[in-house]
Amino acid sequence: MKRNIDMKEVSDGRFYGLRDMVKAGCGDCQGCCDCCRDMGSSILLDPYDLFRLTTGLNRSFNQLLDDKIELNVVDGLILPNLKMQEKTQACGFLNAQGRCSIHPLRPGICRIFPLGRYYEDRSFRYFLQVHECKKEPKTKVKVQKWIDTPQAGRNEQFIIDWHYFVRDLSEQLTNADDNYQKTVSLYLLKNFYQKPYEDSRDFYEQFYERLTEAKKIFPV
C-alpha cells in the first residue's frame, strides 16, 4: 500500500535494522489491545502470513474468508487483509479477554508494530511510529527479537521481493483496462493465496517457484 508521509512527523527520525535496539517494548501490552481495533482494511496479508495462518489453524484460505479475512482493492489489485468485526470493529482473532488468539501466527504487520517499514532503493528499513502505540513506558528491545520471525534475514528478502513485485505490477495496471486488472488480481489470489502451501516443504522455496512462474506471465 502506497503512503505519502512525512517521516519527521511520524517517526523518531531514525531507521533501524534487525540488530539495532529500538524503544518499542510495551510490557506484553498488559491488557491493552488498541492496535487490534478500528484498523479498517489496513492490515494487509502477504503470502507468508497466509501460510502461517492456514497451516497453523488448519483452515484454508476460503475458510478464513468466511469470517477472519476479507478482500479489498489496493492500488488496483485485490489483496486480503484482516477483517474487523462489524459490531465491535475489533480484529476477528481478538478474544474476549482482549488478547490475540493467534499470537504465534500473527501477521507481519502485527509483529513489527509499532515499527513500520520504509521502502526505497528496492529494499526497506524499519522506523518507529512514535504516535501509534500509546502504551508507556516503552523499553528498548532488539528489532530481530521484537519481530520474532524465524530466518529473519530470509524473511526480509521475501518481503522485499513480494513488495516490489506487487508494486511493479500495480504500476503496470495504471492504464490497463478493467478486464486485465481482474485477470492479474485473480491470478495473484489463486497462485499466491488460495493454492495451498505444503507445510512439509520450505515456504520460501514454494513461494519463489510461484514468483518465478508469475514473472514469466507478467514480466515486471
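Residues numbered from 1 in each chain as written. Predicted model: local features only at pLDDT ≥ 70, side-chain atom pairs only at ≥ 80, totals over all residues. Heavy atoms only, no water.

Some details on the overall build of the protein
In terms of helices and strands, the protein carries eight helices and six strands. Ordered by position from the N terminus, the helices and strands of the protein form the series α-β-α-α-β-β-α-β-β-β-α-α-α-α. Radius of gyration (C-alpha) of the protein: 18 Å, near the 17 Å computed for a compact globule of 220 residues. For the protein, the proportion of its 220 residues judged to be buried stands at 43%. Excluding contacts between residues fewer than 6 apart, the proportion of contacts in the protein whose partners are at least 24 apart in sequence is 71%. As presented, the protein carries roughly 12300 Å² of accessible surface, and 47% of it is formed by carbon and sulfur atoms. Seen as two clouds, the 33 positive and the 31 negative side-chain charges of the protein have centres 4 Å apart. (Helix = DSSP H or I, 4+ residues; strand = E, 2+ residues; numbered from the N terminus. Rg over C-alpha atoms; globule rule 2.2 N^0.38 Å. Buried < 20%, exposed > 50% of the residue type's maximum accessible area, 1.4 Å probe, protein only. Contact = heavy atoms within 4.5 Å. Areas by Shrake-Rupley, 256 points an atom, 1.4 Å probe, with all protein chains shown as cover. Lys, Arg positive; Asp, Glu negative; His and termini not counted. Charge placed at Lys NZ, Arg CZ, Asp CG, Glu CD.)

As for the packing of helix H2 (residues 47-57) against helix H8 (residues 203-217)
Look at H2 against H8: their axes get within 11 Å of each other, and the N-to-C directions meet at 135 degrees. One finds that H2 runs oblique with respect to H8. The hand of the H2/H8 crossing is right-handed. Across the interface between the two elements, Pro47, Tyr48 and Phe51 of H2 pack against Phe203, Tyr204 and Phe207 of H8. Split into classes, the residues belonging to the contact of H2 with H8 amount to six nonpolar, no polar and no charged. (Axes fitted to C-alpha atoms, helices over the stretch in contact; angles between N-to-C directions. Parallel < 35°, antiparallel > 145°, perpendicular 65-115°, else oblique. Left-handed = near helix turned anticlockwise from the far one by under 90°. Nonpolar A, V, L, I, M, F, W, Y, C, P; charged D, E, K, R; others polar.)

Notes on H8
Relative to the 21 Å expected for 15 residues at 1.5 Å per residue, H8 spans 22 Å between its end C-alpha atoms, a close match to the ideal helical length. Where H8 is concerned, the buried positions are Phe203, Tyr204, Gln206, Phe207, Arg210, Leu211 and Ala214. With its buried residues spanning 155 degrees around the axis, H8 presents them on a single face. For H8, the secondary structure elements touched by its buried residues are H2, helix H6 (152-172) and helix H7 (178-194). The distance from a side-chain oxygen at the start of H8 to the backbone nitrogen of Tyr204 is 3.1 Å, and the residue carrying that oxygen is Asp202. (Expected span 1.5 Å × (residues − 1). Arc of directions from axis to C-beta. Polar contact = N/O pair within 3.5 Å; in protein donor to acceptor, adjacent residues only side chain to side chain.)

Considering the environment of Leu53
Relative to the helices and strands, Leu53 is located in helix H2. Taking the C-alpha atoms as reference points, Leu53 and Leu105, 52 residues apart in sequence, are found 6.0 Å from one another. Setting aside residues up to four positions removed in sequence, Leu53 forms contacts with Asn58, Leu64, Phe93, Ile102 and Leu105.

Some words on unusual backbone geometry
Cis geometry is found at the peptide bond from Phe113 to Pro114, where omega equals 10 degrees. Here Pro114 is to be found in the loop between helix H4 (108-112) and strand S4 (115-120). The backbone phi angle of Arg122 is positive, close to 60 degrees, even though this residue is not glycine. Assignment of secondary structure puts Arg122 in the loop between S4 and strand S5 (123-128). A relative accessible area of 46% places Arg122 in the partly exposed class. Even without being glycine, Gln151 reaches a positive phi, approximately 50 degrees. Looking at the element boundaries, Gln151 is found in the loop between helix H5 (143-147) and H6. Taking the relative accessible area as the measure of exposure, Gln151 reaches 44% and is therefore partly exposed.

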